[in-house]
Amino acid sequence: MINSDHKKQAVARAAIEYVEYDDIVGVGTGSTVDYFIEYLKPLKNKISGTVASSISTKEKLEANGIKVFDLNEVSEIPIYIDGADEVNGNFQLIKGGGGALTREKIIAAASKKFLCIVDESKLVDVLGRFPLPIEVLPMARSYVAREIIKKEAMPSWREGFVTDNGNIILDINHMDIIEPIKIENDLNQIPGIVTVGLFAKRGADQVLVSNEKEVINLEKK
C-alpha cells in the first residue's frame, strides 16, 4: 500500500517532464507542490525563473535558489503547475484549501497551460464534497455569509486565518456543484467576495494523477 506522500512525490516528479528549457514556471501552493519545488531545484539554472502563487511558495523557491519573478515583471507564463482539492471529469477544480486561491487563480489565468497534479483521492464526479473556499473582504464577512445561506449552503469562517492579501476565508459546505461555471459566475456577483475557489471557467488543461501503481495522464470526458 502506497501512502499519500509517495503518491504526491510520484506525481510531482512526473510534472518535471513538462518543464522546458528557459520556461518561466508558475508554481502553486500546497503539499504536492512542495515536492515539485524539490524536483525543480536541479533545473534552476535551466529555467528562466518562476512566479509564485503565495508568500509561502516564494520563500520555498528562494530557499532552493530558484529565481522568483513578480507577475508584473513577466509577459507570459508558459506553464503553471499546481494541485487541487477536487477535480471533476471536465478538469474543473476546487482549490483554496491552503488559502492561496486568489493568487492561484490569477496565475492560472495568466498562463498558457495549467497542469494540475493530484493523487487519485481528489477525483470526483460532482464538485462540492470538499468545502468550497471563497476569499472575502473582512468587512463583508457577515453579509457574504448571509447571501450564501440564501443559496441553501452553509458558510464557515476559517477563524484565525488571514490570506496573503489580508482577507478572510469562508468555506462553503453542503453545495453540490452541478453547474460549476454558473455557480462560479453567481458567487462572483456577491459584493465583498474577492475570489471563488471554483476553477471552472479556467480549469486545468491537463491533469496528472498518481495511484497505487503509476502516474496517469488523464483525458477530459
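All of these numbers come straight from a predicted model, not from anything done at the bench.

(A) Region of interest: helix H5 (residues 141-150). Every buried residue belonging to H5 is among Val144, Ala145, Glu147 and Ile148, and all of these are buried. Seen along its axis, H5 keeps its buried residues to an arc of 160°; they face one direction. Facing away from the buried side of H5, by more than 90 degrees, are the exposed residues Arg146 and Lys150. Considering only its buried residues, H5 is in contact with strand E8 (132-136), strand E9 (154-157), strand E10 (168-173), helix H6 (180-188) and strand E11 (193-196).

(B) Local environment of the environment of lysine 150. Within the secondary structure, lysine 150 sits in helix H5. Each C-alpha atom, one on lysine 150 and one on valine 33, is 36 Å from the other, the two residues being 117 residues apart in sequence. Among the polar contacts listed, one links the side chain of lysine 150 to the side chain of glutamate 147, at a separation of 2.9 Å.

(C) Highlighting the pairing of E10. Most of E10 is tucked away: five of the six residues are buried. The sheet contact formed by E8 and E10 spans five bridges and is antiparallel. Each residue of the ladder has a partner; that of valine 136, found in E10, is isoleucine 168. Here E9 runs beside E10; their pairing, made up of four bridges, is antiparallel. Residue pairing in the sheet places serine 156 in a bridge with aspartate 171 of E10.

(D) Summary view of unusual backbone geometry. A positive phi angle, near 75°, is found at aspartate 22, a position not held by glycine. Tracing the chain through its elements places aspartate 22 in the loop between helix H1 (4-15) and strand E1 (24-27). Owing to a relative accessible area of 45%, aspartate 22 belongs among the partly exposed residues under this scheme. A positive phi is found at glutamate 152, a non-glycine position, where the angle reads about 60°. Its place among the elements puts glutamate 152 in the loop between H5 and E9.

(E) Focus on the packing of aromatic side chains. Considering all chains together, one arrives at one aromatic pair under this definition. Aromatic side chains tyrosine 80 and phenylalanine 114 sit 4.9 Å apart centroid to centroid with 40° between the ring planes, which places their arrangement in the tilted category. You can see tyrosine 80 sitting in strand E4 (residues 77-82) and its partner phenylalanine 114 sitting in strand E7 (residues 111-119), a full 34 residues away along the chain. Pair check on accessibility: tyrosine 80 and phenylalanine 114 agree, each one buried. In this structure, lysine 95 packs its charged tip against the face of phenylalanine 199, placed 5.6 Å from the ring centre. Of note, arginine 141 hangs over the ring of tryptophan 157, and the distance from its end group to the ring centre comes to 3.9 Å.

(F) Structural context of the packing of H1 against helix H2 (residues 31-40). Following both chains from N to C, one finds H1 and H2 inclined at 50°, their axes separated by 8 Å at the closest point. As summarised for this structure, H1 and H2 are arranged oblique, according to the angle between their axes. Read as a crossing pair, H1 and H2 show a hand that is right-handed. Only Ser31, Thr32, Tyr35, Phe36 and Tyr39 of H2 make contact with H1, whose side of the interface consists of Asp5, Lys8, Gln9, Val11, Ala12, Arg13 and Ala15. In terms of residue class, the contact of H1 with H2 is built from six nonpolar, three polar and three charged.

Analysis parameters
Residues numbered from 1 in each chain as written. Predicted model: local features only at pLDDT ≥ 70, side-chain atom pairs only at ≥ 80, totals over all residues. Heavy atoms only, no water. Buried < 20%, exposed > 50% of the residue type's maximum accessible area, 1.4 Å probe, protein only. Helix = DSSP H or I, 4+ residues; strand = E, 2+ residues; numbered from the N terminus. Arc of directions from axis to C-beta. Contact = heavy atoms within 4.5 Å. Polar contact = N/O pair within 3.5 Å; in protein donor to acceptor, adjacent residues only side chain to side chain. Pairing = 2+ DSSP bridges. Phe/Tyr/Trp six-rings, centres within 6.5 Å; stacked < 30°, edge-to-face > 60°. Lys NZ or Arg CZ within 6 Å of the ring centre and 35° of its normal. Axes fitted to C-alpha atoms, helices over the stretch in contact; angles between N-to-C directions. Parallel < 35°, antiparallel > 145°, perpendicular 65-115°, else oblique. Left-handed = near helix turned anticlockwise from the far one by under 90°. Nonpolar A, V, L, I, M, F, W, Y, C, P; charged D, E, K, R; others polar.

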